[in-house]
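Spelled out from the first residue to the last, the chains are:
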Amino acid sequence: MALDYDALDLRVGFEIHQELDTHKLFCDCPSILREEEAPLKIKRRLRPTQSELGEVDRAALMEAIKGKGFRYQVYPENICLVELDDEPPHPVNKEALDIVLEIALLLGANPVDEVHVMRKTVIDGSNTSGFQRTMLVATGGKLETKKGTITIQTICLEEDAARKVGEDSEFIDYRLDRLGIPLVEIATGPDFTDPRTPAEAALKVGQLIRATGKVKRGIGTIRQDINVSIRDGARQEIKGVQELSLIPTIVEREVKRQLALLRIKEELVGRGAARVEGKAVNVGKVFSKTKCKAIANVLAKRGTVLAIKLPKFGGLVGKELQPGRRFGTELADYAKVYGKVGGIFHTDELPGYGISVEEVSKMRNMLSATADDAIAIVAAKKGNAEKALDAVIARTNQALLGVLEETRRALPDGNTEFMRPLPGAARMYVETDIPPIVVDEKKLDCIRKMLPELPEQKVKRYIDEYKLNKELAERMSLSENSKLFEDLVEKHVIDPTLIATTLEETLVSLKREGAMVENIQRAALDEIFDLIKMGEVAKEAIPDILREVAKGFGVPDVVQRLSLRKITEAELAKMVSDVIQENWVLIEKRGRDAMQPLMGILMEKVRGRVDGRLVHQLLERELQKFEFRTETS
Amino acid sequence: MVCPGYWAARHSSKLDDVERIFSIAEKLVRRLSPPWQRAKRGRRPKFSARKHAAICATARYFDYTYREVEGQAPLMMPKAIDHSTVGWALKRLRVPYLKLLLLLLFREINRLARCGIYMVDSTGISTPRLRRRKRVLKTLWSREFLKLHALVGYSRPAGALAVVSVRVTAGNVADCTQLKQLLEGQEGRGEPLLADRGYDSRRNREIAARHGFKPVIKPRAIGMGRWVNRKKFREFRRNRRLYRQRGIAEAVFGGIENRYGAMVRCKLPATKAASVLLMAVAHNLRTLARVRAMREMEILIVYGFIRQTLSMFKDYRFKHGKHQFYGACVSGYKGKALKALKAVRAKVGDRLRVEKPGQIHEGILMPRTELGDQNHLVIKLDSGYNLGVRLTRDVKVRKIAVGKAPRMGLPPIAFKPDPSKPNVSILGTGGTIASHVDYRTGAVYPAFTAEELYSAVPELANLANIKTSVVCSVFSENMSPQLWVKIARAAARAINGGARGIVIAHGTDTMGYTAAALSFALKGVFRPVVLVGSQRSSDRPSSDAALNLLSAVSVAGKSDIAEVCVVMHGSTEDDFCLIHRGAKVRKCHTSRRDTFQTINDLPIGMVKDGEIIQLSDYNKAKQDGKVAVDAKFEPRVALVKVSPGIQPKTIDSLLRAGCRGIVLEGTGLGHTPEVLFPSIKRAIKRGVSVVMTSQCIWGRVDMKVYSTGRDLLQLGVIPGEDMLPEVAYVKLMWVLGHTRDMQEVSKLMLTNVAGEILPRTRPDAFLKVFGGV
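Note that the coordinates shown come from a computational prediction; the quantities given were computed from them, not determined experimentally. (Residues numbered from 1 in each chain as written. Chains lettered and ligands numbered in written order. Predicted model: local features only at pLDDT ≥ 70, side-chain atom pairs only at ≥ 80, totals over all residues. Heavy atoms only, no water.)

*Asks:* Tell me about the overall build of chain A, and please be specific about residues and values.
*Replies:* Looking only at helices and strands, chain A features 21 helices and 24 strands. Out of the 633 residues in chain A, the part that is buried amounts to 53%. Taking as baseline every contact in chain A between residues at least 6 positions apart, the subset at least 24 positions apart corresponds to 73%. Split by element, the accessible area of chain A, about 29500 Å² in all, is 52% carbon and sulfur. (Helix = DSSP H or I, 4+ residues; strand = E, 2+ residues; numbered from the N terminus. Buried < 20%, exposed > 50% of the residue type's maximum accessible area, 1.4 Å probe, protein only. Contact = heavy atoms within 4.5 Å. Areas by Shrake-Rupley, 256 points an atom, 1.4 Å probe, with all protein chains shown as cover.)

This is the structure we're talking about:
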């Protein structure tokens, strides 16, 4: 079902966060992620700062006081006192700022005249100081897509947060190796109007950033977030989209979800539904002898089972919003986030999960619920169950109003799940420990002179200069080895296509085979190409040679050992005539068609040591001679 | 003069009441030494010299002739006075004394109504005397004139002009030469000094600046051809409006002329000058009476109160009075940026629109940091980010909306004192132990009243009933011995007033010094006196302030540690706090939160999860007692760190500067290079006590082991045992405040007064093991 996105007034925008390849932003620690066990763990607590908002902050403060502490894992080689918030931050990493200015100029944005570092309050523990330091570097860039020009609203430089590695009942574990790594954040305006273009644009931006050569590569170094909204819907921020190819799916499914929620709202209005009143009822007695393992376990551990009537929601809770996710799943997400429970049950999916029909009807009696109403059930410890049901009630009441603004997490199959409510205006105030940085024309001119080639220009150049075909040119220009490629071409005057294929295809296939391509040094490649140039080794031999070199042997040894030296024409001629002599029966039978099997035999014999075309030529000549001979005989 | 209540005050002040004026004059005169010394021989005079001075001043005030004074005498004093006595008294009053009296009057007036502007001007005083100049063919008689130069201070709210200093010279003296003499001894605090062209010279501007005034002098138009100083003219043009007020000073002269005729008839130059000075004294008396009346009528009180409360918020800058000197900043902006802002009348908090070719930015104007230059404006966008816009020629700035005034302060929580909880008093000295943020402007406000503290740190309500008071408000690097005395007195008052324990919030830089000072100054401490601070500012979520404050209040409210102690983080985790003895604690790291460590001993104890665990012995608290304050500190003590290549000049210059005691931070066991021996000997010979401590910080000084040490002991250097250099410094100040006798000093320095000297050193009291955190 193709949706008419224009009619729906779909608006999509995205944000890209890319790690920069330089040391940390506010100190001189290296930006390395570590996986082994950390030698030091430091426990801390965070308290939200009071501001003039009074009540709001007080509630947050009480939450924080009762909440969990944070345990930070520290590697003393990579983490200094600045990350631990035991030392004031050092001045901003100049290299990182230059990289971001370069990116800004590539995107056609206007850098600000003076960069001010701000503190953005974050107290979930992922920043040891309780705030993330971020600075606005440029505004107003442009990106060309097939469907028009997209504005780039802001380009910011910020520090990455620590990564969560675990949680227990008292502490949340964070690893500080990622804290402080510089990130460039590129945010577009909500200018996209269809699901496909954002993916293409994101790809383009990613390629552009990588063209600078100064950003990190690899999984996890780039993160995308998307904002989606439709008319009558609400803006959803979807975080953590890993695969660009998933973006269209995510957008489509999100639109479908919002449409489904709007339909639910209409249905509810039609049914005359009102807000959920009343309190949760303890229905533990109903399940005293239940076969449902989940509830039985909870009751055994002296938890409670609470249920609430959702009036006029019968049938709607089970309504599918996205493939595999129903409205009930949304409620369960809320319960999980706010109440820290495993999930909820609701009557649209019961009887099931071990709950019998009698138990359901007993519950309906207890709550005086008709078939038109739905019931949501939660089984957990008392405090958690209450919080969970409160969240469910809140979400259900929201459904009467339509869609609400949320921050959602992208799932690998293209669906999204609720993460937290969309935060209000950022609580940002100025970082007083770091003076503002002036960006003057001189510096910008310097950077302009050293701007890297845009990816399109590079592809064009490869096609024109090196005569690579389009596909190979595109791959080569985006690859990490593009510089190496250009060096090799300059040094060895042989066919650039050969070099490109070697670097891009041969090495990749060898890696797939499992060979240790890291062992292949530049020197080895030079030797190989020298040999090819001198005509001593055929190009077909390259994969075999590289395979051996990957095992750690030197090139001359390999060539010697596998006797991959090129065969001279005389030798080849002799070989060809031998083969013909051996198979003359076949030739008589097949005539010209014997070419192919003969080629096969010959190639196997000379594998890798001679150019295939030469073999073909000689074979043809011999065959002709042979025919001539047979004919004449 | 626009001054509300001027006439009401004037009428109510009984300015024309002889008794009133005489009593004021008498009380003031009593504060000075008598104008002439009482003669040792001869008949005992009927009136004291001081009384004569008062009579003369009053006489001049009312412009009485001598015989009129005789007539008015019974109103002023019980005895009668003869008219000639007044004349003689007038002759004996010397100019220096009168100048002092004038200054005293000025100080009184200034105390009640601070003068915001100062003006210098001169006027002519005529004499009926003629001077004879003999010529060849005839004799010329010319009238003698005097010139009165006066420095006058003006207070706008009170409408008061007070004469600060006066000089009487011959009539042909140039004005500009007198400025130096008039300003002598005056210290301005940035007030403008207005003067007319007659005072325009480079030297005068320098002199004015040196005395702390901002000169606003009209430049003379003459220049040496091309070398006219344009800058002077430009600056002056900016301050035109201010300069126009210069004429107000003429009111003084007008008054003198009106009331006293601006004429003197005396013969001798000294008496001429004295006569004129008396006119100025009389003017000041008049002003003082009126200003006092205004004060009583509470016209000035409100103004002063507002100023006082505002000065408590030192993070937020306010304009003082309506006269803003042009060069002052609009919250940090100066130069080009300030000009641009003034052109659109923009203030911090207003919404601005800044247009550059290719970019438009709209946002709220933010204050400028001192580290920024003068070429940029800072605006906060709606997204929350700040950015700086460079003011080039093609940038246009427009004001779109006026900003709201920022609300200061949190909505406080009301709290009811709980009788079951202990009463803890928190004294503030300037460190912000709790604060809150205005996200709109980024300003950080200290939270200091009890309500605000409860709001910022709610767990306090479970621990104690808090009462707060502010002792002083300085960065701790500006702490001084005078403030130690103030803090000690406030602490004693609080404990004696019934607090279960007190907490003193202090900056961490010199907390060790203050802790040592309090250990010595407070005698008979029978309740906990806890110093606390925070390394990371309390507006950050990660601040160590909350845990430190809670632990400190726990110790003050629950523990029985009757000592002066410091409570701060014990590790870089937010796990526990350590309680350090005040005389044995030192700040050991510039930024870590566990920077404070006990040196040469174990801490008294630690606070973890609200429980207090003892680690070593301490004085136990008693039910009742009384804390006495013995806070006499001699501030002229120096702490000198010895190093290879140190010059004897270092010690000698200290002696020349009047140092009374020297604490040496010697090397190793307490040694100095031999080159210092002669200087140290000289110091000790002059009665300057020299105490030796070690720059190793840890360990005990023992000067008997090596010959250098023995030589130093021979010279008379006092070994500091295992005292910290900083603590020895404070102790020497305290000891020298009590006695100068070198034997006594030595004895006291070697006696353990407050736990600063220990007889034995534990083997486990040293730096942490390598690799630990």
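So that's the structure; there's more coming.
*Asks:* Please set out the environment of Tyr454(B) residue by residue, giving values where relevant.
*Replies:* Residue and element names in this part refer to chain B. Mapped onto the secondary structure, Tyr454 falls in helix H15 (residues 450–456). Relative accessible area serves as the criterion here: at 5%, Tyr454 is assigned to the buried category. Considering only alpha carbons, one finds Tyr454 and Ala434, 20 residues apart in sequence, at a separation of 9.8 Å.

*Asks:* Account for the confidence of the model for chain B, naming residues and giving values.
*Replies:* Atomic detail in the predicted coordinates should be set aside for any region of low pLDDT. Residues and elements named next belong to chain B. When the pLDDT values of chain B are averaged, the result is 85; 91% of them are 70 or greater. Mean pLDDT across the elements of chain B ranges from a minimum in helix H13 (residues 301–310), with 49, to a maximum in helix H18 (residues 511–521), with 96. Both confidence scores are given for the complex: pTM 0.69, ipTM 0.76. (pLDDT = per-residue confidence, 0-100.)

*Asks:* Can you explain helix H22 (residues 707–715) of chain B? Please cite residues and give values.
*Replies:* All names here are of chain B. Taken together, the buried positions of H22 are Thr708, Gly709 and Leu712. Buried residues of H22 fall within an arc of 95 degrees about the axis and therefore sit on the same side. In the core, the buried residues of H22 are packed alongside helix H21 (677–685) and strand S27 (689–694). After H22 finishes, the residue Gly716 shows a positive phi value of roughly 110 degrees. (Arc of directions from axis to C-beta.)

*Asks:* Tell me about the nonpolar core, and please be specific about residues and values.
*Replies:* Core analysis: the largest hydrophobic core is formed by 117 residues, its most contacted members being Ile155(A) and Val255(A). If you tally residues by element for this core, the top one is helix H5 (residues 247–271) of chain A, at ten residues. Dropping the residues within four chain positions of it, Ile155(A) is found in contact with Val100(A), Ala104(A), Leu107(A), Ala109(A), Leu136(A), Val137(A), Ala138(A), Val184(A), Glu185(A) and Ile186(A). Ranked by size, the runner-up nonpolar core spans 95 residues in total, among them Leu15(B), Ile21(B), Ile256(B) and Ala262(B). (Core = buried A, V, L, I, M, F, W, Y, C linked by side-chain atoms within 4.5 Å.)

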